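# Remarks on the overall topology
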Amino acid sequence: GGVAARRRRSPPGPPPPPRAPPRRGRGPATPPPSTPVPSVTDRAAREAHIVDAVVLPPPSSSRVGDAPLAPADWYYNWSSASPLDRDDVWSWLAVRLHDARLPEGWIQPAVRDVDDDTASAPTPWDVDPEKAALGAAFERMILGARSRRTLENYRAPFLKLALWLSVRGLDVTPPAPNDVSLYLVFLNASRRNKSAAASAFGALQFVVWLNRWPSLAGDPGCKVPIDASLRAFSGPIKKAAPPEPWMIVAINRGLAAAPLAERLIGWAVLACFMIVGRFDDLCLLRWDVGFYESHSWGLRFFLEKRKTDQQYRGQWIDIADSSGVDGFSAVAALRAARDALGATGPVLRRTTARRKGRKFVLRPPFFPASHKGKKLVGQPMRMARSTFQNHYQRFLVEHCGISEADALAYTNHGIRAGAATTLVKHGVPEHIIMKHAGVTSPDWIATYDRVDLERRLECSRSLGL
């Protein structure tokens, strides 16, 4: 314990190998026989730089709060993997993070109130009601500075970092750059993926920004583990299968005589395809006045925000009335959906809820106002992401003739990919697609162009071999 012990350096390692003599001429360089040169294209060799570089010892019994678990198990059981009780872990964190400003809910208020005997005598401004009111307003503004999901994603990675540092007697408010880099090395060696270290560092940077601590963004010690994980664990990205327009039409026509709860999901799939939207965009579509307009040329939806619009500037998305596949009209289908759902509320809404541990089915039009006294779990009007995807995959099997194994490749985000691919195939200008889909970089078109191989194979065909 103590600053001197924390700053004690590790014993020096073996001397570096002697340098090869300077090369003359233009011949290929030949490394010494004793120096292995792994191929940069071999993933196993790249992972060896991280996986084989560190052999984590078992936790020392002298560390306070260390757990007798493997590092990978500790990562998932961090709040209970300790000789301390679960409540003691939270109390431990509350003491170590007492001086840090954190979003509301990250640490329980009951254990966050820690007496500080070293605090100086309060000044008149410290006890002024105006300061208390302004401080409370600032705490609420923290929740508005980032989206709710962003704050939720930051919470666990930061608290894991704080617990890992505190049980080793290291400072947390603020943490030393060298200690942070060692924690990132620990994540690389135990988690073996490219996102754990980056997520932890991103969460820490948010807390650093919130508390006006010195930034760690330019610290090379923190950058090395992140860059090493990106190089070692990079690989092909699994893409969702993009649906074609005829599949969207087949789903909606096949559900024409289905119960309203199933037709609701079919209309939502159609709306998501027409706005080239993400699932989060779909959840923001509403039939209410100010969010929906009907015109002679078609209809339009207003999205309050999108992933690239964190300032809530909003965007109108226009959908033209035209006969598409076999005379199917998306505008006519969406207008029918609005009439069936009462011309108010969200386009996609949950059709089931829970009350006192029991699940029950909501009655049409699946609007919470008509179910007073029934407590809905989670966001009352938003259908769960997994529920929507399961129904969407089932409809592909039932109405599009796709096997159950192949249907698993069709995810919620694949709807956006299919719409973007269709726009690319029809030669829509890139800036129009970017505006309609709510993106800021043209590089995404190459990512979503997954069906039209002619465009991607044009280069190799031009070689004539």
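Shown above is the structure to which this text applies.
Note that the coordinates shown come from a computational prediction; the quantities given were computed from them, not determined experimentally.

We now examine the overall build of the protein chain. Secondary structure assignment for the protein chain yields 20 helices and five strands. Out of the 465 residues belonging to the protein chain, those deemed buried represent 38%. Total accessible area on the protein chain is roughly 27300 Å²; 56% of this is exposed by carbon and sulfur atoms.

The next point concerns the packing of aromatic side chains. Using the criterion set out here, one finds 13 aromatic pairs in the structure. The interplanar angle of 35° and the centroid separation of 6.0 Å between the aromatic rings of Trp106 and Phe158 together place this pair among those described as tilted. Placement of the pair is Trp106 in the loop between helix H4 (86-96) and helix H5 (109-112) and Phe158 in helix H7 (residues 148-166), with a sequence separation of 52 residues. The pair formed by Trp106 and Phe158 is uniform in burial state, with each residue classed as buried. Plain terms: the ring middles of Tyr183 and Phe186 are 6.1 Å apart, the flat faces sit at 25° to each other, and that makes the pair stacked. You can see Tyr183 and its partner Phe186 sitting in helix H8 (residues 177-191), three residues apart, about one turn around the helix. No difference in accessibility class separates Tyr183 from Phe186, as the two residues are buried. One aromatic cluster is present, formed by Trp106, Tyr154, Phe158, Phe206 and Trp209 through successive ring pairs. The positively charged end of Arg286 is found above the aromatic ring belonging to Phe291, 6.0 Å away from the centroid.

Next up on the list: the nonpolar core. Core analysis: the largest hydrophobic core is formed by 62 residues, its most contacted members being Phe301 and Phe388. A per-element tally of this core places helix H12 (residues 260-274) first, with ten residues. Ranked by size, the runner-up nonpolar core spans 41 residues in total, among them Leu159, Ala162, Leu170 and Phe201.

About the thresholds
- Residues numbered from 1 in each chain as written.
- Predicted model: local features only at pLDDT ≥ 70, side-chain atom pairs only at ≥ 80, totals over all residues.
- Heavy atoms only, no water.
- Helix = DSSP H or I, 4+ residues; strand = E, 2+ residues; numbered from the N terminus.
- Buried < 20%, exposed > 50% of the residue type's maximum accessible area, 1.4 Å probe, protein only.
- Areas by Shrake-Rupley, 256 points an atom, 1.4 Å probe, with all protein chains shown as cover.
- Phe/Tyr/Trp six-rings, centres within 6.5 Å; stacked < 30°, edge-to-face > 60°.
- Lys NZ or Arg CZ within 6 Å of the ring centre and 35° of its normal.
- Core = buried A, V, L, I, M, F, W, Y, C linked by side-chain atoms within 4.5 Å.

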